[in-house]
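Residue-level structural notes
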Amino acid sequence: MGVEAHATNERVTGRRWTVRLDPVGRGRADVRVSCSRPACAAQVLPSAAGRTAAIAHLKAHLRAGPAPRPSVHCACRAEECHTHIRPAGPRERPVPWRCGGAVVLAVITDREGRWWQVLECCSRCAAAHPTAKVVATAPAAEPPARGDGFRADAPAPATPGGPAATTPTFSAVGPHFSHSAAATGTAVPQQASGPRSSAPRSAPRSARPTRKRPPRGRIAQRLVPHDLRPVALRDELTELGELFRAYQARTEPDLAMLADLHTRKAEAFNAWAEVTADTGLRLDAQRAEQAAATARLQHLHRIGQAPDGEGPAVARLLTAPAQWNHARAVLAHVAENAPLPGAEARLLVLMVTLRTAQSGVGNLVGQDIKGLPLQDPEHLVEQLVESGWLGISGTVEELIASRPESPTRISVPSLTPDEDDPGPFTFGRKLRPKLSGWAQRVVGEKKLRKGKTGADVRLLALALATGADGEGLLGPGGEGIGLDGLSSWCSVDAGDLPDLVDRLTAADWLAEADVTGTLLTGRLTERVLPLGCPLT
């Protein structure tokens with residue numbers, strides 16, 4: 001009895017599972033190790049131990065799991081893998097297993113080493129992943145039954161190497177999951193075209209060599225053609241794409257380097273456009289030139305230098321637009337959430353907020369409070385403690401008497417983040433002391449101290465420092481600042497603002513100041529421009 005010649009060979013989707021490293025929560029160094037397989041429970045471990053445990057967990061799966069099956073189709077097919085062969089007709093649906101090469105078990109990872117994924121796929125799809133590492137290869141699938149004189153009960157043709165050839169081959173050295181690896185593929189013997197000969201063959205036909213194309217680079221969402229000429233242009237575009245991706249992976253920006261990369265990109269895209277007559281490439285080159293000019297100007301402003309042909313740039317205490325916006329956000333938060341009325345309470349709440357903005361806790365010494373223009377600082381601190389807005393580790397007298405070598409621990413419950421509320425501010429731990437130092441420089445500016453100005457005048461100085469443009473003109477476009485907003489921030493009546501403006505003018509903070517019915521116009525003097533946070 002023979003086996004039916006046209007038996008259906010059903011295929012199933014290849015296996016796929018992922019091992020991940022995820023942060024546990026804000027402010028913690030632990031990581032969560034998880035596996036997508038249902039029987040594997042997640043673990044919370046320290047960062048270094050978590051990476052070791054994740055790699056060991058994945059290797060255990062690879063050792064204990066079955067070998068890749070030659071009859072499955074690619075696990076990546078569900079994601080419309082671009083390496084699958086396209087159908088011939090526009091309306092034909094592609095066959096799921098129309099790939100190339102033997103079925104392999106491949107491990108892919110991201111560049112940062114945060115996850116590892118195991119795929120049961122064809123060698124062609126594994127080779128398309130730049131970080132793939134093939135750890136096992138399935139044996140060649142048995143040829144399907146045919147109806148043109150081929151007998152189903154005939155013995156299967158011998159395979160090279162005998163029974164040993166049916167055993168999946170594993171890599172002798174396990175994959176290094178913490179590092180990127182060059183994509184590797186497995187060459188598969190090709191069947192000779194033409195009718196099958198009935199004469200026995202004395203030796204198996206050797207595999208055809210796989211023709212490899214040069215690797216294709218990618219830059220700005222564009223693939224660099226492997227046949228682009230001149231070759232130097234193709235190599236330059238490929239290298240630029242890699243340099244841009246490396247720059248994006250940096251932890252700190254380097255605007256000078258970014259400007260140079262955009263300049264090289266503009267030159268390369270112009271050359272590419274000349275070769276291909278592509279208008280889109282020429283437009284991309286123009287955008288790259290603009291990006292290079294912008295990045296170079298930002299770099300010069302950051303280091304306090306002036307562009308060619310311009311006067312000296314202002315070396316500002318806060319150097320970046322993001323820092324200026326965070327400073328304005330702190331002032332707005334204090335204006336809306338100050339627990340006590342009055343200019344003196346507003347000023348003290350601002351300085352304490354800047355000390356505790358990131359975590360809700362901080363340190364304070366007596367000089368921090370006594371250096372502010374407060375008539376009765378002890379009573380004011382007591383009021384903040386009684387209202388529940390401020391918490392101190394000790395008495396108010398101990399806080400006022402504390403020195404830098406033994407500061408007092410303070411806390412502001414409304415600023416303390418938790419799982420449900422991350423807090424009102426989004427800046428990081430390094431920016432908080434910069435903002436606090438900036439506010440102290442403004443409030444304790446030399447001429448404001450010598451003039452014995454009150455809390456209301458110094459609050460107005462803070463408001464004007466964050467409400468002028470890059471040249472010091474007050475308000476957006478130099479059109480002035482509304483008196484209602486200033487009086488609300490300074491916690492004074494609008495009728496008292498002209499006197500405060502006169503005191504700032506006498507302290508050489510303001511020039512050409514003019515108070516109209518609804519606006520304050522003028523400009524900051526050049527002396528205080530370094531303390532400004534320009535409107536962007």
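Procedures and definitions
Residues numbered from 1 in each chain as written. Predicted model: local features only at pLDDT ≥ 70, side-chain atom pairs only at ≥ 80, totals over all residues. Heavy atoms only, no water. Pairing = 2+ DSSP bridges. Helix = DSSP H or I, 4+ residues; strand = E, 2+ residues; numbered from the N terminus. Contact = heavy atoms within 4.5 Å. Axes fitted to C-alpha atoms, helices over the stretch in contact; angles between N-to-C directions. Buried < 20%, exposed > 50% of the residue type's maximum accessible area, 1.4 Å probe, protein only. Arc of directions from axis to C-beta. Core = buried A, V, L, I, M, F, W, Y, C linked by side-chain atoms within 4.5 Å. Parallel < 35°, antiparallel > 145°, perpendicular 65-115°, else oblique. Left-handed = near helix turned anticlockwise from the far one by under 90°. Patch = residues over 30% accessible without salt bridge, like charges linked within 9 Å, V, L, I, M, F, W, Y side chains within 5 Å. Areas by Shrake-Rupley, 256 points an atom, 1.4 Å probe, with all protein chains shown as cover. Salt bridge = Lys/Arg side-chain N within 4 Å of Asp/Glu carboxyl O. Lys, Arg positive; Asp, Glu negative; His and termini not counted. Charge placed at Lys NZ, Arg CZ, Asp CG, Glu CD. Nonpolar A, V, L, I, M, F, W, Y, C, P; charged D, E, K, R; others polar. Phe/Tyr/Trp six-rings, centres within 6.5 Å; stacked < 30°, edge-to-face > 60°. Lys NZ or Arg CZ within 6 Å of the ring centre and 35° of its normal. Expected span 1.5 Å × (residues − 1).

Bringing the sheet that holds strand E11 (residues 391-392) into the picture now. Taken in spatial order, the 3 strands line up as E10-E12-E11 in an open sheet, and their pairing is antiparallel. Single-partner strands in this sheet number two, and they are strand E10 (361-364) and E11. Along the sheet, helix H7 (residues 343-356) makes contact with E10 and strand E12 (408-411), crossing E10 at roughly 120°.

Listing the buried residues of helix H15 (residues 497-506) in full gives Leu497, Leu500, Val501 and Leu504. Mapping the buried residues of H15 onto a view down its axis gives an arc of 100°, with all of them on the same face. Opposite the buried face of H15, at more than 90 degrees from it, the exposed residues are Asp502 and Ala506. In the stretch just after H15, aspartate 508 is the one whose phi turns positive, near 60°.

We now examine the nonpolar core. If you look at the biggest cluster of nonpolar residues, it comprises 72 residues, and the most contacted ones within it are Leu464 and Trp509. If near-sequence neighbours (up to four positions away) are discounted, tryptophan 509 is found in contact with Val442, Glu445, Leu448, Ala461, Leu504, Arg523, Leu524, Thr525, Arg527, Val528 and Leu531. Counting 19 residues, the second largest nonpolar core, distinct from the first, contains Leu240, Leu258, Ala268 and Ala273.

In a packed pair of helices, the relevant descriptors are the angle between the two axes and the axis-to-axis distance. Look at H7 against helix H9 (residues 377-386): their axes get within 11 Å of each other, and the N-to-C directions meet at 70°. One element, H7, and the other, H9, form an angle in the roughly perpendicular class. In the crossing of H7 with H9, the sense of the turn from one axis to the other is right-handed. Judged by residue contacts, Glu344, Ala345, Leu348 and Val349 of H7 engage Leu380, Val381 and Leu384 from H9.

Side chains of Asp376, Glu378, Glu397 and Glu398 sit close together on the surface and give a patch of like negative charge. Here aspartate 376 falls in the partly exposed class, since its relative accessible area comes to 43%.

Moving on, we get to the packing of helix H13 (residues 455-465) against H15. Running from N to C, H13 and H15 point in directions that differ by 75°, and their axes come no closer than 10 Å. Classed by the angle they form, the pair H13 and H15 counts as roughly perpendicular. Of the residues in H15, those in contact with Asp456, Val457, Leu460, Ala461 and Leu464 of H13 are Leu500, Val501, Arg503 and Leu504. Split into classes, the residues belonging to the contact of H13 with H15 amount to 7 nonpolar, no polar and 2 charged.

Enumeration over the complete set of coordinates arrives at 2 aromatic pairs. Aromatic side chains phenylalanine 269 and tryptophan 272 sit 5.6 Å apart centroid to centroid with 75° between the ring planes, which places their arrangement in the edge-to-face category. Here phenylalanine 269 pairs with tryptophan 272, and both are found in helix H4 (residues 255-276), just 3 residues apart, close to one helical turn. By relative accessible area, phenylalanine 269 is classed as buried at 0%. Here the aromatic rings of phenylalanine 425 and phenylalanine 427 are separated by 5.5 Å at their centres, their planes lie at 25°, and the arrangement is stacked. Arginine 37 extends its terminal NZ or CZ atom over the ring of tryptophan 17, reaching a point 4.5 Å from the ring centre. Over the ring of phenylalanine 269 we find lysine 265; its NZ or CZ atom is 5.5 Å from the centre of that ring.

Counted at 1.5 Å a residue, the expected span for helix H11 (residues 431-443) with its 13 residues is 18 Å, and the 19 Å between its end C-alpha atoms agrees. Within H11 the residues assigned to the buried category are Leu431, Leu435, Ser436, Trp438, Ala439, Val442 and Val443. Seen along its axis, H11 keeps its buried residues to an arc of 160°; they face one direction.

A word on the environment of glycine 100. Positionally, glycine 100 belongs in the loop between helix H1 (47-64) and strand E4 (103-109). In this structure the C-alpha to C-alpha distance between glycine 100 and serine 123, which are 23 residues apart in sequence, comes to 6.6 Å. Those residues in contact with glycine 100 that sit more than four places away from it in its chain are Cys122, Ser123 and Arg124.

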